[in-house]
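# Architecture and fold: a report
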Amino acid sequence: MTRTPSTAVTRVWLWRWRRNPLKRHSDVVEAWIVLAGWLLVLAAGIVAGLAAAHTSASAFAARQARSQPVSAVLTDGTAGMAAAANGYGDGRVWATVRWTDADGSVRTDRAEVVPGAPAGSRVTVWTDRAGRVVPAPVTGTAADVQAALTGVLVAPGAGALVWGGLRLVRVRLIRRRMAEWDEEWRRTGPRWGNLSGGVG
(Lines give C-alpha, C1' and ligand atoms only; values in the text may rest on other atoms or scores of the structure.)
Protein backbone atom coordinates (compact mmCIF):
# COMPACT_ATOMS: atom_id res chain seq x y z
CA MET A 1 0.00 0.00 0.00
CA THR A 2 1.48 3.28 -1.11
CA ARG A 3 0.87 6.57 0.65
CA THR A 4 0.22 9.79 -1.22
CA PRO A 5 2.95 12.33 -0.43
CA SER A 6 1.80 15.34 1.57
CA THR A 7 3.05 17.63 -1.19
CA ALA A 8 0.28 16.34 -3.45
CA VAL A 9 -2.36 17.50 -0.98
CA THR A 10 -0.67 20.89 -0.71
CA ARG A 11 -0.63 21.28 -4.47
CA VAL A 12 -4.33 20.47 -4.76
CA TRP A 13 -5.22 22.96 -2.01
CA LEU A 14 -3.06 25.74 -3.49
CA TRP A 15 -4.01 25.19 -7.12
CA ARG A 16 -5.62 28.61 -7.36
CA TRP A 17 -2.46 30.39 -6.26
CA ARG A 18 0.00 28.88 -8.73
CA ARG A 19 0.55 29.87 -12.35
CA ASN A 20 -2.05 28.10 -14.43
CA PRO A 21 -3.06 28.92 -18.00
CA LEU A 22 -6.63 27.79 -17.26
CA LYS A 23 -6.96 30.08 -14.26
CA ARG A 24 -9.53 32.82 -14.75
CA HIS A 25 -9.85 36.18 -13.09
CA SER A 26 -12.95 34.94 -11.25
CA ASP A 27 -10.88 32.06 -9.80
CA VAL A 28 -8.40 34.51 -8.34
CA VAL A 29 -11.17 36.71 -6.95
CA GLU A 30 -12.90 33.72 -5.37
CA ALA A 31 -9.67 32.46 -3.82
CA TRP A 32 -8.97 35.84 -2.23
CA ILE A 33 -12.56 36.10 -1.01
CA VAL A 34 -12.33 32.66 0.61
CA LEU A 35 -9.06 33.53 2.33
CA ALA A 36 -10.29 36.95 3.50
CA GLY A 37 -13.63 35.47 4.49
CA TRP A 38 -12.12 32.84 6.79
CA LEU A 39 -9.90 35.46 8.38
CA LEU A 40 -13.00 37.62 8.92
CA VAL A 41 -14.88 34.66 10.41
CA LEU A 42 -12.06 34.14 12.89
CA ALA A 43 -11.72 37.85 13.69
CA ALA A 44 -15.48 38.40 14.01
CA GLY A 45 -15.81 35.45 16.37
CA ILE A 46 -12.97 36.64 18.59
CA VAL A 47 -14.08 40.29 18.66
CA ALA A 48 -17.76 39.45 19.24
CA GLY A 49 -16.90 36.94 21.95
CA LEU A 50 -14.65 39.37 23.79
CA ALA A 51 -17.20 42.18 23.47
CA ALA A 52 -20.00 39.94 24.79
CA ALA A 53 -17.87 38.79 27.72
CA HIS A 54 -16.94 42.40 28.55
CA THR A 55 -20.57 43.55 28.30
CA SER A 56 -21.71 40.70 30.53
CA ALA A 57 -19.02 41.45 33.12
CA SER A 58 -19.97 45.15 33.06
CA ALA A 59 -23.64 44.26 33.58
CA PHE A 60 -22.75 42.12 36.62
CA ALA A 61 -20.64 44.95 38.06
CA ALA A 62 -23.40 47.51 37.45
CA ARG A 63 -25.96 45.27 39.11
CA GLN A 64 -23.71 44.86 42.12
CA ALA A 65 -23.23 48.63 42.31
CA ARG A 66 -27.03 49.17 42.33
CA SER A 67 -27.61 46.79 45.25
CA GLN A 68 -26.29 46.50 48.78
CA PRO A 69 -26.39 43.83 51.49
CA VAL A 70 -28.37 44.54 54.67
CA SER A 71 -28.80 42.58 57.87
CA ALA A 72 -32.46 41.61 58.36
CA VAL A 73 -34.49 39.67 60.93
CA LEU A 74 -36.82 36.79 60.09
CA THR A 75 -40.31 37.70 61.27
CA ASP A 76 -41.60 34.14 60.76
CA GLY A 77 -39.69 30.90 61.16
CA THR A 78 -38.88 28.59 58.25
CA ALA A 79 -38.53 25.35 60.20
CA GLY A 80 -41.69 23.83 58.75
CA MET A 81 -41.21 25.13 55.21
CA ALA A 82 -40.05 22.85 52.40
CA ALA A 83 -38.01 24.03 49.44
CA ALA A 84 -39.63 23.94 46.02
CA ALA A 85 -39.11 20.56 44.39
CA ASN A 86 -39.05 21.82 40.81
CA GLY A 87 -35.28 21.42 40.44
CA TYR A 88 -34.67 25.07 39.58
CA GLY A 89 -34.05 26.60 43.01
CA ASP A 90 -31.06 26.41 45.33
CA GLY A 91 -33.00 24.93 48.25
CA ARG A 92 -34.09 28.27 49.75
CA VAL A 93 -37.61 29.21 50.83
CA TRP A 94 -39.54 32.48 50.86
CA ALA A 95 -40.00 34.21 54.22
CA THR A 96 -40.84 37.67 55.54
CA VAL A 97 -37.90 39.71 56.77
CA ARG A 98 -37.60 43.07 58.50
CA TRP A 99 -34.70 45.52 58.46
CA THR A 100 -33.88 49.15 59.19
CA ASP A 101 -32.73 51.44 56.38
CA ALA A 102 -29.83 53.86 56.70
CA ASP A 103 -32.35 56.69 57.29
CA GLY A 104 -33.89 54.77 60.21
CA SER A 105 -37.11 53.64 58.51
CA VAL A 106 -38.21 50.06 59.16
CA ARG A 107 -39.01 47.97 56.09
CA THR A 108 -40.45 44.51 55.54
CA ASP A 109 -40.41 42.35 52.45
CA ARG A 110 -40.19 38.73 51.38
CA ALA A 111 -36.82 37.19 50.60
CA GLU A 112 -35.35 33.77 49.89
CA VAL A 113 -33.63 32.33 52.97
CA VAL A 114 -32.21 29.00 54.11
CA PRO A 115 -34.99 26.73 55.44
CA GLY A 116 -35.04 25.69 59.08
CA ALA A 117 -34.21 29.08 60.62
CA PRO A 118 -36.37 30.15 63.58
CA ALA A 119 -38.12 33.51 63.80
CA GLY A 120 -35.78 36.26 64.99
CA SER A 121 -32.77 34.82 63.13
CA ARG A 122 -30.43 37.24 61.40
CA VAL A 123 -30.13 36.86 57.63
CA THR A 124 -28.42 38.91 54.94
CA VAL A 125 -30.57 40.17 52.08
CA TRP A 126 -29.78 42.43 49.13
CA THR A 127 -31.77 45.58 48.45
CA ASP A 128 -31.82 48.09 45.62
CA ARG A 129 -31.68 51.87 45.97
CA ALA A 130 -35.46 52.01 46.44
CA GLY A 131 -35.24 49.64 49.41
CA ARG A 132 -36.76 46.62 47.66
CA VAL A 133 -35.33 43.13 48.14
CA VAL A 134 -33.52 41.93 45.01
CA PRO A 135 -31.67 38.70 44.18
CA ALA A 136 -28.04 38.62 45.27
CA PRO A 137 -25.77 39.84 42.47
CA VAL A 138 -23.44 37.44 40.73
CA THR A 139 -19.88 38.22 41.84
CA GLY A 140 -16.39 36.78 41.88
CA THR A 141 -15.64 33.54 40.07
CA ALA A 142 -19.31 32.93 39.20
CA ALA A 143 -19.48 36.28 37.39
CA ASP A 144 -16.23 35.59 35.55
CA VAL A 145 -17.41 32.13 34.47
CA GLN A 146 -20.78 33.42 33.26
CA ALA A 147 -19.14 36.27 31.34
CA ALA A 148 -16.70 33.83 29.73
CA LEU A 149 -19.52 31.44 28.80
CA THR A 150 -21.45 34.33 27.25
CA GLY A 151 -18.44 35.14 25.08
CA VAL A 152 -17.98 31.48 24.12
CA LEU A 153 -21.64 31.23 23.06
CA VAL A 154 -21.67 34.50 21.10
CA ALA A 155 -18.40 33.91 19.19
CA PRO A 156 -19.62 31.01 16.98
CA GLY A 157 -22.81 32.89 16.14
CA ALA A 158 -20.88 35.93 14.93
CA GLY A 159 -18.50 33.73 12.96
CA ALA A 160 -21.44 31.86 11.39
CA LEU A 161 -23.04 35.15 10.37
CA VAL A 162 -19.89 36.25 8.54
CA TRP A 163 -19.53 32.76 7.02
CA GLY A 164 -23.11 32.99 5.72
CA GLY A 165 -22.29 36.30 4.04
CA LEU A 166 -19.20 34.71 2.51
CA ARG A 167 -21.31 31.85 1.14
CA LEU A 168 -23.70 34.31 -0.52
CA VAL A 169 -20.81 36.09 -2.20
CA ARG A 170 -19.37 32.78 -3.42
CA VAL A 171 -22.73 31.68 -4.81
CA ARG A 172 -22.94 34.89 -6.84
CA LEU A 173 -19.39 34.37 -8.11
CA ILE A 174 -20.15 30.79 -9.13
CA ARG A 175 -23.29 31.88 -10.99
CA ARG A 176 -21.31 34.56 -12.77
CA ARG A 177 -18.62 32.04 -13.72
CA MET A 178 -21.23 29.63 -15.09
CA ALA A 179 -22.73 32.43 -17.17
CA GLU A 180 -19.25 33.24 -18.54
CA TRP A 181 -18.68 29.59 -19.40
CA ASP A 182 -22.04 29.40 -21.19
CA GLU A 183 -21.17 32.50 -23.18
CA GLU A 184 -17.76 31.12 -24.15
CA TRP A 185 -19.25 27.79 -25.13
CA ARG A 186 -21.75 29.54 -27.39
CA ARG A 187 -18.80 31.11 -29.17
CA THR A 188 -16.47 28.08 -29.12
CA GLY A 189 -18.94 25.20 -29.46
CA PRO A 190 -19.62 25.59 -33.19
CA ARG A 191 -15.87 25.61 -33.93
CA TRP A 192 -15.42 22.34 -32.02
CA GLY A 193 -18.19 20.82 -34.16
CA ASN A 194 -16.42 21.93 -37.35
CA LEU A 195 -13.05 20.54 -36.18
CA SER A 196 -14.55 17.14 -35.40
CA GLY A 197 -16.26 16.90 -38.77
CA GLY A 198 -19.67 17.62 -37.32
CA VAL A 199 -19.50 14.64 -34.96
CA GLY A 200 -19.91 15.36 -31.21
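It is worth spelling out the overall build of the chain at this point. Assigned secondary structure in the chain consists of 3 helices and 5 strands. Nonlocal contacts in the chain, meaning residues at least 24 apart in sequence, comprise 60% of its contacts between residues at least 6 apart. As displayed, the chain offers around 14500 Å² of accessible surface, 62% of which is attributable to carbon and sulfur atoms.

Moving on, we get to the nonpolar core. Here is a general trend for soluble globular proteins: nonpolar side chains tend to be buried in one another's company. Grouped together as the largest cluster of nonpolar side chains are 12 residues: Val70, Ala72, Leu74, Val93, Ala95, Val97, Trp99, Ala111, Val113, Ala117, Val123 and Val125. Looking at this core, the elements that each hand over two or more residues are β1 (67–74), β2 (93–100), β3 (106–113) and β4 (122–128). Take this core: its biggest share by element is 4 residues, from β2. The residues contacting valine 97, other than those within four sequence positions of it, are Ala72, Val73, Leu74, Thr75, Arg107, Thr108, Asp109, Ala111, Val113, Val123 and Val125.

Turning next to the sheet that holds β4. The 5 strands are arranged β3-β2-β1-β4-β5 in an open sheet whose pairing can be described as antiparallel. Lying at the two open borders of the sheet, with one neighbouring strand each, are β3 and β5 (133–134). The strands touched by helix α2 (residues 25–66) within the sheet are β1 and β4, with β1 carrying the most contacts at an inclination of about 50°.

Next up on the list: the pattern of salt bridges. Taken as a whole, this structure holds 5 salt bridges when the rule is applied. Between aspartate 128 and arginine 132 there is a salt bridge, with its nearest N and O atoms 3.2 Å apart. The class for aspartate 128 is buried, based on a relative accessible area of 15%. With a closest N to O distance of 3.8 Å, glutamate 183 and arginine 187 form a salt bridge. Here glutamate 183 pairs with arginine 187, and both are found in helix α3 (residues 140–195), just 4 residues apart, close to one helical turn. Residues participating in the shared-partner salt-bridge network are Glu183, Arg186 and Arg187.

Our focus in this paragraph is a nonpolar patch on the surface. Together, Trp32, Leu35 and Leu39 line one region of the surface with nonpolar side chains, adding up to about 320 Å² of accessible area. Of note, leucine 39 is situated in helix α2.

The next point concerns the confidence of the model for the chain. Counting all residues, the mean pLDDT for the chain is 79, and 77% of those residues have values of 70 or more. Per-element confidence in the chain ranges from a low mean pLDDT of 51 for helix α1 (residues 6–13) to a high of 88 for α2.

As for its placement among the helices and strands, serine 67 is situated in strand β1. What makes serine 67 buried here is its relative accessible area of 10%. A polar contact of 3.1 Å, which involves the side chain of serine 67, links it to the backbone oxygen of arginine 63. With near-sequence residues (within four places) excluded, serine 67 lies in contact with Trp126, Thr127, Asp128, Val134 and Pro137.

In this section: the pairing of β2. Only one face of β2 is covered, namely the one carrying Val93, Ala95, Val97 and Trp99; the face carrying Trp94, Thr96, Arg98 and Thr100 has none of its residues buried. In terms of strand pairing, β1 meets β2 through 2 bridges, oriented antiparallel. Pairing of leucine 74 across the sheet is with valine 97, part of β2. In the sheet, β2 pairs with β3 via 8 bridges, with the strands oriented antiparallel. The residue of β3 that forms the bridge with arginine 98 is threonine 108. The hairpin turn running from β2 into β3, its antiparallel successor, is 5 residues long, and glycine 104 in that turn takes a positive phi close to 95°.

To continue, consider the environment of threonine 55. Tracing the chain through its elements places threonine 55 in helix α2. For threonine 55 and alanine 147, which are 92 residues apart along the polypeptide, the C-alpha to C-alpha distance reads 8.0 Å. In this structure the side chain of threonine 55 is engaged in a polar contact, spanning 2.8 Å, whose partner is the backbone oxygen of alanine 51.

Conventions and cut-offs
- Within each chain, residues carry numbers counting from 1 in the order of the written sequence.
- Local features are withheld for residues below a pLDDT of 70 in this predicted model, meaning they are given only at 70 or higher, and side-chain atom pairs are given and counted only at 80 or more; totals for whole chains, interfaces and linings count all residues.
- Think of the side-chain values as coming from all heavy atoms in the structure, minus any hydrogens and water.
- Here a helix means four or more residues in a row that DSSP labels H or I, a strand means two or more in a row labelled E, and each is numbered from the N terminus.
- When checking whether two residues touch, look at their non-hydrogen atoms; a contact exists if any pair is within 4.5 Å.
- Only the protein chains shown count as cover for residues, with accessible areas throughout obtained via the Shrake-Rupley method and a probe of 1.4 Å.
- Note on terminology: a nonpolar core comprises buried Ala, Val, Leu, Ile, Met, Phe, Trp, Tyr and Cys residues joined through side-chain atoms within 4.5 Å.
- Summary of the burial criterion: residues with accessible area below 20% of their type's maximum are buried, those above 50% are exposed, and those between are partly exposed, where the area comes from a 1.4 Å probe applied to protein chains only.
- For two strands to be treated as a pair, DSSP must find at least two bridges joining them.
- Interaxial angles span 0 to 180 degrees and are taken between N-to-C directions of axes, which are lines fitted to C-alpha atoms, for helices over the stretch in contact.
- Any carboxyl oxygen of Asp or Glu within 4 Å of a side-chain nitrogen of Lys or Arg constitutes a salt bridge here.
- A residue counts toward a patch only above 30% relative accessible area and without a salt bridge, and it is joined to like-charged neighbours within 9 Å or, for Val, Leu, Ile, Met, Phe, Trp and Tyr, to nonpolar neighbours within 5 Å.
- The score called pLDDT rates the predictor's confidence residue by residue, from a low of 0 to a high of 100.
- Polar contacts, as used here, are pairs of N or O atoms within 3.5 Å; protein pairs need one atom able to donate a hydrogen and one able to accept it. Residues neighboring in sequence count only if both atoms are side-chain atoms.

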